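Structural overview
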Amino acid sequence: MDYSLLNINTPLELINQATQTGLIGSLGIEITKIDDGTVEGSMELSKKNCRPDGILHGGSNLALAESLAGLGSMLMVDLNEFDVLGIQVNGSHTGVLKSGKAWAVAKILHRGNQTHIWNVDVRNEEGRLISTIRVTNMIVKRNDRN
């Protein structure tokens, strides 16, 4: 998929298909809903995203958050002209996930010309908060790299 064609109207099936290579696919992240300023997704607990004791790894939560926030920023800019770069991720883990899925909701807090700031809350299937994460993305003019 040509990422420069992504926009808010791109069907979820195409987005999920395009993102299954690399880290997003390895961790089992699935995009479940997209609205203007909000991206939702889930991640099934698996051997690929948990600690050796079977609990969801905190780094997996951070990757889930950065993936959703990054996609959200990508959908807000012209990707032929701009690139989206994650520049800061800061999270607090408040609980654990021992089974099932982690559900995340990313909401934009600041939509500037050069930076986007997102808050991402990750919850278990019962709705209990397991992580709250802040993601900052930088919006930069695209250079000639591919």
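Anything mentioned here points back to the structure above.
In short, a report on the structure.

Calculation rules
Numbering of residues starts from 1 in each chain and follows the order in which that chain's sequence is written. Totals for whole chains, interfaces and linings use all residues, but because this is a predicted model, local features are given only for residues with pLDDT of at least 70 and pairs of side-chain atoms are given and counted only at 80 or more. Only hydrogens and water are set aside; all other atoms, that is, all heavy atoms of the structure, feed into the side-chain values. A run of DSSP states H or I qualifies as a helix once it reaches four residues; a run of E qualifies as a strand once it reaches two. Both are numbered from the N-terminal end. Every radius of gyration here is taken over C-alpha atoms, with the globule rule written as 2.2 Å times N^0.38, N being the number of residues. Relative accessibility under 20% of the residue-type maximum defines a buried residue, over 50% an exposed one, and the middle range a partly exposed one, all with a 1.4 Å probe and only protein chains included. By the convention used here, residues are in contact when the closest approach between their heavy atoms is within 4.5 Å. Values of accessible area rely on a 1.4 Å probe in the Shrake-Rupley scheme; residue burial ignores everything except the protein chains shown. Patch membership requires over 30% relative accessible area and the absence of a salt bridge. Like charges are linked within 9 Å, and nonpolar side chains (Val, Leu, Ile, Met, Phe, Trp, Tyr) within 5 Å. Every case where a carboxyl oxygen of Asp or Glu lies within 4 Å of a side-chain nitrogen of Lys or Arg is listed as a salt bridge. Strands pair, by our definition, only if DSSP identifies at least two bridges between them. Under this scheme, a helix contributes an axis fitted over its contacting stretch, all axes are lines through C-alpha atoms, and angles between N-to-C directions fall in the 0 to 180 degree range.

What follows concerns the overall build of the chain. Helix and strand counts for the chain come out as 3 helices and 6 strands. Against the globule reference of 15 Å for 146 residues, the chain gives a C-alpha radius of gyration of 15 Å, in line with a compact fold. Oriented by its inertia axes, the alpha-carbon framework of the chain measures out at about 45 × 30 × 25 Å. Taking all 146 residues of the chain together, 40% fall into the buried category. Excluding contacts between residues fewer than 6 apart, the proportion of contacts in the chain whose partners are at least 24 apart in sequence is 59%. In the form shown here, the chain has an accessible surface area of approximately 8000 Å², with 49% of it arising from carbon and sulfur atoms.

The next point concerns a nonpolar patch on the surface. Among the surface-exposed residues, Leu85, Ile87 and Met138 lie close enough to one another that they form a single nonpolar patch of about 230 Å² accessible area. With respect to the helices and strands, the residue Ile87 is situated in strand E3 (residues 82-93). When its relative accessible area of 47% is taken as the criterion, Ile87 is described as partly exposed.

Our next topic: the pattern of salt bridges. Enumeration over the complete set of coordinates arrives at 5 salt bridges. Arg111 is the partner of Asp36 in a salt bridge, and the nearest nitrogen-oxygen pair spans 3.4 Å. Placement of the pair is Asp36 in the loop between strand E1 (29-35) and strand E2 (38-44) and Arg111 in strand E4 (residues 101-111), with a sequence separation of 75 residues. Look at Asp36 and you get exposed, because its relative accessible area is 59%. Given the relative accessible area of 47%, Arg111 is considered partly exposed.

What follows concerns the sheet that holds strand E6 (residues 129-141). An order of E1-E2-E4-E5-E6-E3 is seen for the 6 strands of this open sheet, with the pairing classed as antiparallel. If you trace the sheet from one side to the other, it starts and ends with E1 and E3, each paired once. In this sheet, neighbouring strand axes are inclined to one another by 20° on average, regardless of whether the strands run parallel or antiparallel. Bridging between strand E5 (residues 115-123) and E6 involves 9 bridges; their strand directions are antiparallel. Residue Arg123 lies in a different strand from E6, and its bridge partner there is Leu129. Of the strands in this sheet, E1, E2, E3, E4, E5 and E6 are in contact with helix H3 (residues 58-76), which crosses E6 at around 40°.

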